[in-house]
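Below, each chain spelled out in residue letters.
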Amino acid sequence: MENWKFKPESLMMSYGYKPELSEGAVKCPIFQTSTFVFQKAEDGKAFFEVAYGIREKEESEEMGLIYSRLNNPDLEILENRLSLWDNADDCAVFESGMSAISTALMEFLNPGDLLLFSNPVYGGTDHFIKHVLTKFGVEVMGFNPGQSMEEIEQMLIETGKADKLAYIYLETPANPTNDLVDIKGCVDLAKKYTTEDKKVYVGVDNTYLGPLWQNPLELGADIVIYSATKYIGGHSDLIAGACSGSSEVIGRIKVLRTFLGNMASPYTGWLLMRSLETLKVRMERQGDTAKHVAAYLNNHPKVEKVYYLGDLEEGSEQKRIYDQQCKSPGAMLSFDVVGGEAEAFRFLNALKLVKLAVSLGSTESLAQHPATMTHAGVEPELKATLGITDKLVRLSVGVEHHEDLIHDITQALEQI
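Computed from a predicted structure; not experimentally measured.

## Digging into the overall build of the protein chain
On a plain count of helices and strands, the protein chain comes out with 15 helices and 12 strands. By the compact-globule yardstick of 22 Å for 416 residues, the protein chain fits well, its C-alpha radius of gyration being 22 Å. Over its C-alpha atoms, taken along the principal directions, the protein chain stretches across nearly 70 × 55 × 40 Å. A separation of at least 24 residues holds for 74% of the contacts in the protein chain among residues at least 6 apart in sequence.

## Some remarks on the packing of helix H11 (residues 279-298) against helix H15 (residues 402-413)
Two quantities define a packed helix pair, namely the angle between the axes and the distance from one axis to the other. For the pair H11 and H15, interaxial distance at closest approach is 9 Å and the crossing angle is 30°. By the angle between their axes, H11 is roughly parallel relative to H15. The chirality of how H11 crosses H15 is right-handed. Residue-level contacts link Thr289, His292, Val293, Tyr296 and Leu297 of H11 to His402, Leu405, Ile406, Ile409, Thr410 and Leu413 of H15. For the contact of H11 with H15, a count of residues per class yields seven nonpolar, four polar and no charged.

## Some points on helix H9 (residues 247-260)
Here H9 spans 20 Å end to end across 14 residues, near enough to the 20 Å set by a 1.5 Å rise per residue. Backbone geometry just downstream of H9 places Gly261 in the positive-phi region, at approximately 70°.

## Considering the packing of helix H3 (residues 73-86) against helix H10 (residues 266-276)
Where H3 contacts H10, the axes come no closer than 8 Å and their chain directions differ by 35°. Where H3 crosses over H10, the two elements pack in a sense that is left-handed. When H3 is examined against H10, the residues Asp74, Leu75, Ile77, Leu78, Arg81, Leu82 and Trp85 are found in contact with a partner set consisting of Pro266, Gly269, Trp270, Leu272, Met273 and Leu276. Here the contact of H3 with H10 is built from residues that sort into 10 nonpolar, one polar and two charged.

## Quick word on the sheet that holds strand E12 (residues 392-396)
Strands sit in the order E8-E9-E12-E11-E10 across an open sheet of five strands; the sheet is mixed. Edge positions in the sheet fall to strand E8 (303-307) and strand E10 (355-356), since each of these pairs with one other strand and no more. Examined bridge by bridge, strand E9 (residues 332-337) and E12 share five bridges and lie antiparallel to one another. By the bridge assignment, Ser334 is partnered in E12 with Arg394.

Cut-offs used in this document
- Residues numbered from 1 in each chain as written.
- Predicted model: local features only at pLDDT ≥ 70, side-chain atom pairs only at ≥ 80, totals over all residues.
- Heavy atoms only, no water.
- Helix = DSSP H or I, 4+ residues; strand = E, 2+ residues; numbered from the N terminus.
- Rg over C-alpha atoms; globule rule 2.2 N^0.38 Å.
- Contact = heavy atoms within 4.5 Å.
- Axes fitted to C-alpha atoms, helices over the stretch in contact; angles between N-to-C directions.
- Parallel < 35°, antiparallel > 145°, perpendicular 65-115°, else oblique.
- Left-handed = near helix turned anticlockwise from the far one by under 90°.
- Nonpolar A, V, L, I, M, F, W, Y, C, P; charged D, E, K, R; others polar.
- Expected span 1.5 Å × (residues − 1).
- Pairing = 2+ DSSP bridges.

Next up, the structure:
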């Protein structure tokens with residue numbers, strides 16, 4: 001029994017928490033404090049040396065609490081638990097998904113470096129890459145779904161800046177089209193251009209499928225990134241982000257987080273710990289319900305095409321990638337209605353049970369219009385190339401009964 005390895009869902013209620021340190025409370029309290037008392041001055045010195053990256057933590061050394069911008073019991077316990085899902089050494093939690101994305105990019109990119117990224121990405125990420133990183137002298141190059149790794153590398157070579165490659169950033173499945181990117185192929189590409197002097201990092205936004213249905217670290221990625229607002233939070237009542245990876249990688253990210261000051265608050269950490277307890281049961285229910293909804297949409301005369309990972313064609317490159325890196329089709333799907341923006345808006349405006357709102361992964365089902373909402377800032381030509389058209393609707397399936405969702409979708413489609 002001593003060698004038994006508990007599954008993550010069994011450890012979400014207790015891992016990393018010692019009730020005896022908190023008056024025996026069965027659940028971790030909210031440590032709503034800005035600062036912590038040192039037992040002696042030497043402790044404060046040692047803690048700051050590690051927190052500021054002045055030295056590495058010694059093997060037997062236990063890091064103490066300093067100040068809630070640096071560490072806090074709620075965040076530390078949460079990070080320990082989140083690490084389990086991806087079998088990561090460590091995790092860093094942020095006050096938003098965008099702060100996790102931006103911090104993980106800024107730490108490993110310098111002026112003159114080249115960032116290679118997949119299209120499409122979330123609209124906020126797209127803006128940060130193209131309009132913020134470039135202000136700091138970072139070169140950026142995107143590639144599109146359907147391009148082979150050979151084609152991507154050829155594009156890289158033709159820039160004349162292949163030796164400047166420093167980071168490959170992926171969002172897979174892509175938001176909102178569910179296009180898959182070959183994580184292992186990109187890891188191999190990164191290794192090819194890694195030198196003794198410069199490592200090429202691979203970061204993967206795993207919000208759509210993770211942490212239950214895809215584990216990029218297992219495929220060799222260096223950083224897995226989440227908008228923890230979505231499935232991890234799962235109740236549309238918090239904003240948060242997270243990065244998981246090796247101790248070295250997350251240690252660097254945490255040092256930058258300290259100085260950017262974008263860590264999550266103790267209350268957000270406490271809410272996320274609550275949500276982790278039901279993560280598996282929620283996501284499994286959502287995934288099962290999505291299968292029913294996708295099957296219905298595939299046979300509706302007012303639906304032109306459904307973008308769902310459970311419908312990938314056998315023998316296709318997308319199905320090969322799916323089989324290699326995905327463990328479930330997930331609970332996100334998009335579909336083209338017959339018509340355009342007017343018809344899509346009629347459908348969205350007629351929904352009753354499904355809420356018309358952005359975000360995803362929550363207990364309630366949500367629908368939105370990517371072209372004019374989450375991806376409004378993406379260049380029109382790129383949106384057209386990627387299939388983010390006026391007729392596209394994105395649906396995040398919640399935990400409602402599938403028959404009720406189908407009933408609501410049916411009456412809304414009748415308005416087209």
